[in-house]
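# Structure assessment
Each chain, letter by letter, is given below.
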Amino acid sequence: MASSSSETSKLWGGRFTGATDPIMEQFNASISYDRRLWKADILGSQAYVKAIHLVGLVSTEEKDAIHSGLGQVAAEWESGEFVIKKGDEDIHTANERRLKELIGAAAGKLHTGRSRNDQVATDTRMWLREELKTLHTFLRALIEVLVLRAEHEVDILMPGYTHLQRAQPIRWSHWLMSYAWALQRDLERLDELSTRVNVLPLGSGALAGNPFNVDREFLAQELGFAKVSDNSLDGTSSRDYIAEFLFWASMNAVHLSKLAEDLILYCSKEFGYVTLSDAYSTGSSLMPQKKNADSLELIRGKAGRVFGQCAGFMMVLKGLPSTYNKDLQEDKEAMFEVYDTMTGILQVATGTISTLTVHPEACVAALSSDMLATDLAYYLVRKGVAFREAHGLSGAAVALAEQGKKSISQLALVELKTIRCSLVPSAIKSQAQLFTLQCS
């Protein structure tokens, strides 16, 4: 039986004599999402045709025709005129099919010595390398907003919390900077990831290398890679860089989810520390008075989806035998979705934080003198009392205040002395000298 036209149009169709089941055709295809790699795929092919020309596999005329034809294909993608046809199972097939339509038989020489295995690994690295720059820009902008607000609002006091219980007085700027530092670590991890992404697998072939002595260093230079992969088996099958990207996104999203959760509480009526801008809030379809922090709730919710993609892809990788397996086709949907989600999260977080209004009076009103119990213990330590004993004495003062249904700052000096005479030296004339929120 002769091969069908759709089979012979495939990059792998020569060995097969029967037609692919239509359901399998759809199940196998990735063009619906890997079309996003069109630019990287074309740039990689333009560099590759130069490399095979250097070793005499194509003539100068063929090289120029292929290079120019790929430029035409790129122009069609850029303008939205490229037409995906039946049989274009992936971006590589689609581009090569269109190239053949434009320049004829010379297009068939482009794939000489190259496999889709090293081709797709190169494409995804090139795509991710460029998009990490966008994420770097967005993340840096968010950090700058946090730092700027911290500088301008350094005098605002507020409660600090542990276990969601008021713990010690802190500054609003201190809270802001706690997230700035977490995000700075994320920025550092992103830069480290960029280095590991920037490794060229092209020239690894399907798994055993390129038999035509193609100059991989030349290819790395053409495509802007810092180095070539050291092992062809690893080069075609490694998806560490995608798994690491998914983890990076998960960690960054966790930090932003925690920030969002804090602000969701702080903008509630129960706290009232901040008010979100209308630009980043929504209302209720039933209750007219509602102003919902949907921007923050979506950041918190999408963090779960990002981590889900990371966990899911790790499960894809864990049972694979060595070198390339079709399971690895699952890498791109996870990578694309997480990238899209993170660009949204970072931009919305930046907008939300840069436009919210903080209410210093509400923050200060939430402070209470019992939050200075630790300061009392520290005071005693400075007077020579061992910390464990000082902790107990301060706790006793808190208990005494609770028994009298008053705050610790309302305890009279005579009451404090009932705990221990040396607790309040004679130099202390009022509890105000012990309890100062500003100095805490």
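Residues numbered from 1 in each chain as written. Predicted model: local features only at pLDDT ≥ 70, side-chain atom pairs only at ≥ 80, totals over all residues. Heavy atoms only, no water.

### What about the overall build of the protein chain?
Counting its regular elements, the protein chain contains 17 helices and 6 strands. When the 440 residues of the protein chain are sorted by exposure, 46% land in the buried category. A sequence separation of at least 24 residues applies to 73% of the contacts in the protein chain between residues at least 6 apart. Split by element, the accessible area of the protein chain, about 21,700 Å² in all, is 55% carbon and sulfur. (Helix = DSSP H or I, 4+ residues; strand = E, 2+ residues; numbered from the N terminus. Buried < 20%, exposed > 50% of the residue type's maximum accessible area, 1.4 Å probe, protein only. Contact = heavy atoms within 4.5 Å. Areas by Shrake-Rupley, 256 points an atom, 1.4 Å probe, with all protein chains shown as cover.)

### Section: the confidence of the model for the protein chain
Confidence along the protein chain averages 90 in pLDDT terms, with 90% of residues attaining 70 or more. Contacts of residues 426–432 to residues separated by more than four positions or lying in other chains number 11 contacts, the stretch itself having pLDDT below 50. (pLDDT = per-residue confidence, 0-100.)

### Digging into the packing of aromatic side chains
Considering all chains together, one arrives at 14 aromatic pairs under this definition. Taking 6.2 Å as the distance between ring centres and 10 degrees as the angle between the ring planes, the aromatic pair formed by W38 and W77 counts as stacked. Here W38, found in helix α4 (residues 38–54), pairs with W77, found in helix α5 (residues 60–79); they are 39 residues apart in sequence, far enough to count as distant. Considered together, W38 and W77 belong to a single accessibility category, that of buried residues. A centroid spacing of 4.9 Å and a plane angle of 80 degrees characterise the contact between W127 and F336, whose relative ring orientation is edge-to-face. A residue pair is termed long-range when its members are at least 10 positions apart, and W127 in helix α7 (residues 116–152) and F336 in helix α13 (residues 330–355) qualify at 209 residues. Note on W127: relative accessible area 8%, which makes it buried. In this structure, R125 is placed above the aromatic ring of Y241, and the distance from its NZ or CZ to the ring centre is 4.0 Å. (Phe/Tyr/Trp six-rings, centres within 6.5 Å; stacked < 30°, edge-to-face > 60°. Lys NZ or Arg CZ within 6 Å of the ring centre and 35° of its normal.)

### Section: helix α16 (residues 387–403)
In this model α16 runs 24 Å from its N-terminal to its C-terminal C-alpha over 17 residues, within 8% of the 24 Å that 1.5 Å per residue would give. Among the residues of α16, A390, L393, S394, A397 and A401 are the ones counted as buried. Along α16, the residues classed as buried sweep out an arc of 95 degrees about the axis, all on the same side. Every exposed residue of α16 that faces more than 90 degrees away from the buried side is listed here: R388, E402 and Q403. Looking at the packing, one finds that the buried side of α16 touches α15 (373–382) and α17 (413–419). Immediately downstream of α16, the backbone of K405 shows phi near 50 degrees, a positive value. (Expected span 1.5 Å × (residues − 1). Arc of directions from axis to C-beta.)

### Quick notes on the pattern of salt bridges
Applying the stated criterion to the full structure yields 23 salt bridges. D88 is the partner of R97 in a salt bridge, and the nearest nitrogen-oxygen pair spans 2.5 Å. Classification of R97 as buried rests on a relative accessible area of 15%. The class of D88 is buried, set by a relative accessible area of 5%. For E101, the salt bridge goes to R97, with nearest N and O atoms at 3.1 Å. (Salt bridge = Lys/Arg side-chain N within 4 Å of Asp/Glu carboxyl O.)

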